[in-house]
Amino acid sequence: MTQDEMKQQVAEAALKYVEAGTIVGVGTGSTANMFIDALASKKDEIIGAVASSNATADRLAGHGIKVMELNDALNIVDSLSVYIDGADEFDPGRNLTKGGGGALTREKIVAAASDQFICIVDESKQVDYLGAYPLPIEVIPMAQELVAGVAIELGGRPVVREGFITDNGNIIIDVHDLKITDALGVEDHLNKVPGVVTNGVFSHQGANVVLMATPDGVRVI
């Protein structure tokens with residue numbers, strides 16, 4: 001089974017967490033795109049969807065799924081029923097790193113507004129501890145060197161993502177060579193640095209359930 005076939009399998013498995021009459025949060029990336037394609041089959045059952053990026057909003061709309069702003073959605077419901085998204089990696093505590101596509105801030109906001117976060121991945125994303133994948137940090141440009149210095153203090157190697165601006169108008173610093181054994185501590189430490197919008201450690205907004213595709217089927221963690 002190819003990696004794309006496994007992604008397709010886990011995207012379709014996530015549909016069972018979509019309840020009729022609710023508003024769904026939808027993430028960004030290749031696996032999330034496959035979920036959006038699968039969600040089209042339920043577009044008449046849900047009120048609508050909140051997108052974590054402009055690209056996701058465009059793909060949802062392309063399938064005829066009603067796209068809602070989060071503020072408007074929360075005037076209709078107390079919370080989104082579920083947030084479904086992929087991850088760059090996840091550890092045994094279901095802590096994640098996300099942001100390879102640069103949408104980490106909006107992803108974290110939509111996850112925080114949802115009753116549960118269902119993370120859809122293939123088995124290549126499973127790690128013993130976070131940091132194998134560079135950790136993205138969304139940064140207000142003025143704070144670039146300040147944030148880079150803090151990343152170096154943590155033992156990382158910061159690299160500004162070249163030619164990339166987030167949907168919020170900010171830059172991304174990708175921090176390589178980290179070994180994140182205290183995910184919550186690293187998330188909090190980086191978010192206290194002035195100029196950091198947010199970082200790609202999802203510990204406060206970690207996954208409630210990880211659906212992991214394997215050649216033998218989808219494993220529920």
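Residues numbered from 1 in each chain as written. Predicted model: local features only at pLDDT ≥ 70, side-chain atom pairs only at ≥ 80, totals over all residues. Heavy atoms only, no water.

Let's talk about the nonpolar core
- With 27 residues, the main nonpolar core has V26, F35, L39, L60, I84 and L211 as its most contacted residues.
- Among the secondary structure elements, those contributing two or more residues to this core are α1 (3-13), β1 (23-26), α2 (30-39), β2 (48-51), α3 (54-62), β4 (82-85), β7 (117-122) and β13 (209-214).
- When residues in this core are grouped by element, the largest group, five residues, is from α2.
- When neighbours within four sequence positions are excluded, L211 is seen to be in contact with V10, A13, A14, Y17, I118, C119, I120, V121, V218, R219 and V220.
- In terms of nonpolar packing, the next biggest core, distinct from the first, is built from 23 residues, V50, M68, L96 and A111 among them. (Core = buried A, V, L, I, M, F, W, Y, C linked by side-chain atoms within 4.5 Å. Buried < 20%, exposed > 50% of the residue type's maximum accessible area, 1.4 Å probe, protein only. Helix = DSSP H or I, 4+ residues; strand = E, 2+ residues; numbered from the N terminus. Contact = heavy atoms within 4.5 Å.)

As for unusual backbone geometry
- Phi angles above zero are rare outside glycine, and R94 is one such case at about 65°.
- With respect to the secondary-structure elements, R94 resides in the loop between β5 (89-90) and β6 (96-97).
- The class of R94 is partly exposed, set by a relative accessible area of 30%.
- One non-glycine residue, D177, adopts positive backbone phi at about 70°.
- With respect to the secondary-structure elements, D177 resides in the loop between β10 (171-176) and α7 (183-191).

Here's the deal with a nonpolar patch on the surface
- A contiguous nonpolar surface patch, about 330 Å² in accessible area, is contributed by I140, M142 and V197.
- The residue V197 is located in strand β11 (residues 196-199) in this model.
- A relative accessible area of 34% means that V197 is categorised as partly exposed. (Patch = residues over 30% accessible without salt bridge, like charges linked within 9 Å, V, L, I, M, F, W, Y side chains within 5 Å. Areas by Shrake-Rupley, 256 points an atom, 1.4 Å probe, with all protein chains shown as cover. Salt bridge = Lys/Arg side-chain N within 4 Å of Asp/Glu carboxyl O.)

As for the sheet that holds strand β14 (residues 217-220)
- Taken in spatial order, the seven strands make up an open sheet running β3-β2-β1-β4-β7-β13-β14, and their pairing is mixed. Whereas interior strands pair on both sides, the edge strands pair on one side only; in this sheet they are β3 (67-68) and β14.
- Pairing geometry for β7 and β13, over five bridges, is parallel. Across the sheet, residue V121 finds its bridge partner in β13, namely M212.
- Lying over the sheet, α1 contacts β7, β13 and β14, oriented at roughly 145° with respect to β13.
- Of the strands in this sheet, β1, β2 and β3 touch α3, which is tilted by about 160° from β2. (Pairing = 2+ DSSP bridges. Axes fitted to C-alpha atoms, helices over the stretch in contact; angles between N-to-C directions.)

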